Each structure stands twice: as C-alpha cells, then as structure tokens.
Amino acid sequence: MSQSSVWHPFTQHALEPAIPEIVLTEGAYLHKADGTRILDAISSWWVVTHGHRHPRIMKAIETTASKLDQIIFAGFTHEPAERLAEALVSLAPSGLDRVFYSDSGSTCVEVALKMALGYFRNTGPPRSRIVVMEHSYHGDTIGTMSVGARGVFNAAYEPLLFEVDTIPFPSTGHEQETLDRFEAVSRDRRAAALIVEPLVLGAGGMLMYPAWVLAELKKIAEASGTLLIADEVMTGWGRTGTMFACEQASISPDILCTSKGLTGGAIPLAATLATDAIFQAHYSEDRKKTFFHSSSYTANPIACAAALANVEIWQDEPVTDRIAALSARQAAGLQRFRDNSCFTDSRVTGTIAAIDLRTGSAGYLAEIGPKLRAFFLERGLLVRPLGNVLYLLPPYCITGDELDGLYDAIEEAGERFGSRP
Ligand SMILES: *Cc1c(COP(=O)(O)O)cnc(C)c1O
C-alpha cells in the first residue's frame, strides 16, 4: 500500500506504478526529485500555453500577492478583474460583452448552462433542453457530465445525470447528418442551447471537424433561437492556431467558456463570456431574475493578474508566430506516419496533432493506454494517450528538435505496440 494519503485524479491506485515527485517546472520540462527531467508534451493536461513558469506571469503573481488576496466579489470589485474583463471582451469574438468569473473549466461550463436556462426563464417562454455533440467532454461535475459523453467514466453517476439531445459527431463525409439532426432537435424550440467544443473534441479522442460545420451549426441555432455555447476551455488561447477556435468559423457564440490557458496555465481561473442580451435577461428590479451563481474564489485577484500578464505576453511577444511555426511543424511531423500502417487517422488542427495506433482494442480503458504511458515515461516524455489515440499538445516554447524526438518515440511505439492490418 502507498505511504501517501493523496488520492490522485483519474488514477487507479491499485495498478499505478510509483508516482514521481516533481520539484521544479521550467519551460517545456518537469524536473523530478531524482534530478532527471520529463518533456511535457501535453502541457500538463492542456493548461500550460507559453511554457511552465513564464517569468512575466510569475512576476504578476508575486506583485499582486503583495497587495491583494481573495476578496468577496459580490458587491466588491478590483483592478485586475476589471482590466482582465476589458481585455477578454476585446480579444473574444465580437458581441461577448459580459464576463462572469469562476475557477475551473467545469464551473465555467456550469455557469454557461445556468445562464442559458436563466435567459429563457426570464424572457420566456422557458426552454430547458440542452443539445450536445456525440463524444464531447465538458467537465466532471454532475451538470457537465450530463452534457458530456456517457461511458465508463460516469456510469456510476448516470442515475443523477440529466437527459440531453445528442447530435452525431460530424465525421468526414457525414457532416450533413450532424446538421440535419440539429435542425430536427431544435425545430420545436425547446432547446435552450447547443454546447460544443469548437473544431477539436479533446477528451473524446482529439476528434477534429472543419470550421464550416461550426458556422452551419451557428446558423441553425440562430434560426431556432437556440443559444450556442462554445466550450473553448481546451481550444482557447491559441491551441487550434487562432486565439479562439470560433474565429476560424467567423462566428460569435452566445456564450464562450474559457479556463485552462487563461492564466497561461499557471493558476486556476475561468470565465464565462456572454452577450449583452443574456446579461439584460437577468437585469431587472425583480430580484428573482438575479443570476444566482457564485464560486468562493470568483475573480481571485492573483489569478486575474496572472491572466492579464498572459494577455500582455500575447500582445508583446511573437506568440502568433510561435503558434504558426509549431502548427507547421506538427503538420510536417505527422507526414512521416502517412504510409506507416501501424497508425491511422493522422490529424492536425493548429498546434494539436493526433494519430490513432492500430491495436486489437480501442477505447480509453484499452490495455494499451498504461503501457504506452510507461513507454514514453521511460524515455523522459510525458505523453498520455487517450486509449489508442496518441496526441501531442505541447507548450508553445517546445523546439523542433524536441518535437522530432517525440515523433521518433511515437514511431518506435508503433513498431512495439501497433498491429498492422
Ligand atoms: C478540461 C475541460 C473542461 C473541464 O475543465 P476543468 O478545469 O478540468 O474542470 C471542460 N471542457 C473542456 C473542453 C475541457 O477540455
């Protein structure tokens, strides 16, 4: 039995080998207590954007901590929250003029769902159905699991999850089926919102679909008065090649969720951006129309300052050039797997590259997952496959040589674990 009292996330402690201790983070690396380092090819679960401990973000945290800690955000405000809200409104797709703070991806999605229902309740007639896309992931709370894919992760909690309408994932050649289904479920005007991960479904296996599908979904939503919630928790802050993935479809959702990369990945913070119409639906002399949501750590000033520093990095450093270069490298890097029959479905959207390893069994619990993870870790690489899906979602500071080392290791993993058709 382990000596530690810590219960780790998504960890089967009965099967997990010894858990390494990290004593230092720097750029693209995690340094272990034994002096070796690990290349963080998944940005520590998709949060770190520029690299670990960007000096500017660390400095903002230090400076703010000398003046402010948590303050109640109901009835009070502070400069980091005000300035950040202003920055977010100017960076996000147009029309998202209101910013509601919370503290994680799951909470900002819960906030989005509550805003959507509140909007219809306050303006009438009420609507309460949520439409979701097959294979989606929106978080691990009861509400966010309800709008996410059902499976082994939430089987135990299924009795508590609410019912949703599901539209199929728009796989290549089947896009119209997705659009037709959405049209059909939104026609009776009972759907309050469609929630989607724009362009890339992360936890569902780095599934990618084209921007035009997102643009069509927005049109159908508009036609039936259904709100569009873009869950950009993973796709935001450059991952898909643009600051927000919605930009590539030239759309503005009604609600946008952002978290992970919001502080550059340094410290927890989340925001739900909404249109003024949604804010106005809650703006009333009738107290019953108040938006009843709060997280204790709402708009933590230190976290807001970290996010502001992140915004400044985007403004002052060549972040978009870095992202373009990384995206090009990922696209070129995957070329070498094109004729490798150990793999299928190589795909890239912006900085995210993914490829499926051909194995006897697929799915998240496929035996292959832990074996692959150990294989990469032995080589000093943090790659955490989603079942048989290998993906690289690295911080933007990763070098070409480091990426080449990762592709080499993936190729070797194919030889070792893949089964040719
Ligand atoms: C990670 C993720 C979430 C949940 O974020 P947490 O901070 O882990 O609660 C929600 N939506 C998407 C698309 C995500 O990738």
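Structure shown above.
(A) Region of interest: unusual backbone geometry. Residue Pro 125 is bonded to the preceding Gly 124 through a cis peptide linkage, with omega at -10°. Here Pro 125 lies in the loop between α4 (105-123) and β5 (129-133). Unlike most non-glycine residues, Ala 299 shows phi in positive territory, near 55°. Inspection of the secondary structure puts Ala 299 in the loop between α8 (276-282) and α9 (301-316). Taking relative accessible area as the criterion, Ala 299 reaches 0% and is therefore assigned buried.

(B) Up close: the environment of Leu 24. Examined against the element boundaries, Leu 24 turns out to sit in strand β1 (residues 22-26). Setting aside residues up to four positions removed in sequence, Leu 24 forms contacts with Tyr 29, Leu 30, His 31 and Arg 53.

(C) Highlighting the site of the ligand. By nearness alone, every residue bordering the ligand is listed as Trp 46, Ser 104, Gly 105, Ser 106, Tyr 137, His 138, Gly 139, Glu 197, Asp 231, Val 233, Met 234 and Lys 260. Residue Ser 106 places a side-chain N or O atom 2.7 Å away from an oxygen atom belonging to the ligand. Computed on the free molecule, the ligand has an accessible area of 380 Å², of which 83% lies beneath the protein chains in the complex. Across the shell around the ligand, the residue classes tally to four nonpolar, five polar and three charged.

(D) Molecular detail of the nonpolar core. Residues Leu 84, Tyr 101, Phe 376, Leu 390 and Leu 406 are the most contacted members of the largest nonpolar core, which totals 62 residues. Ranked by residues supplied to this core, first place goes to α9 with eleven residues. When residues of this core are assigned to domains, at least three fall in each of domain 1 (57-316) and domain 2 (319-417). With residues near it in sequence (within four places) discarded, Tyr 101 still touches Phe 73, Ala 81, Leu 84, Ala 85, Leu 269, Ala 270, Ala 271, Thr 298, Ala 299 and Cys 304. Core analysis: the next-biggest nonpolar cluster, separate from the first, contains 41 residues, Leu 199, Met 206, Met 234 and Tyr 391 among them.

(E) Structural detail: helix α10 (residues 319-335). Helix length check: α10, at 17 residues, gives a terminal C-alpha distance of 25 Å against a target of 24 Å (1.5 Å per residue), a fit within 8%. Among the residues of α10, those classed as buried are Val 319, Ile 323, Leu 326, Ser 327, Gln 330, Gly 333 and Leu 334. The buried residues of α10 occupy one face: seen down the axis, they fall within an arc of 130°. Of the surrounding secondary structure, the elements contacted by the buried residues of α10 are α9, β13 (343-349), β14 (352-357), β16 (389-392) and α12 (400-417).

Cut-offs applied
Residues numbered from 1 in each chain as written. Predicted model: local features only at pLDDT ≥ 70, side-chain atom pairs only at ≥ 80, totals over all residues. Heavy atoms only, no water. Helix = DSSP H or I, 4+ residues; strand = E, 2+ residues; numbered from the N terminus. Buried < 20%, exposed > 50% of the residue type's maximum accessible area, 1.4 Å probe, protein only. Contact = heavy atoms within 4.5 Å. Near = heavy atom within 4 Å. Polar contact = N/O pair within 3.5 Å; in protein donor to acceptor, adjacent residues only side chain to side chain. Areas by Shrake-Rupley, 256 points an atom, 1.4 Å probe, with all protein chains shown as cover. Nonpolar A, V, L, I, M, F, W, Y, C, P; charged D, E, K, R; others polar. Core = buried A, V, L, I, M, F, W, Y, C linked by side-chain atoms within 4.5 Å. Domains from an automatic or database assignment. Expected span 1.5 Å × (residues − 1). Arc of directions from axis to C-beta.

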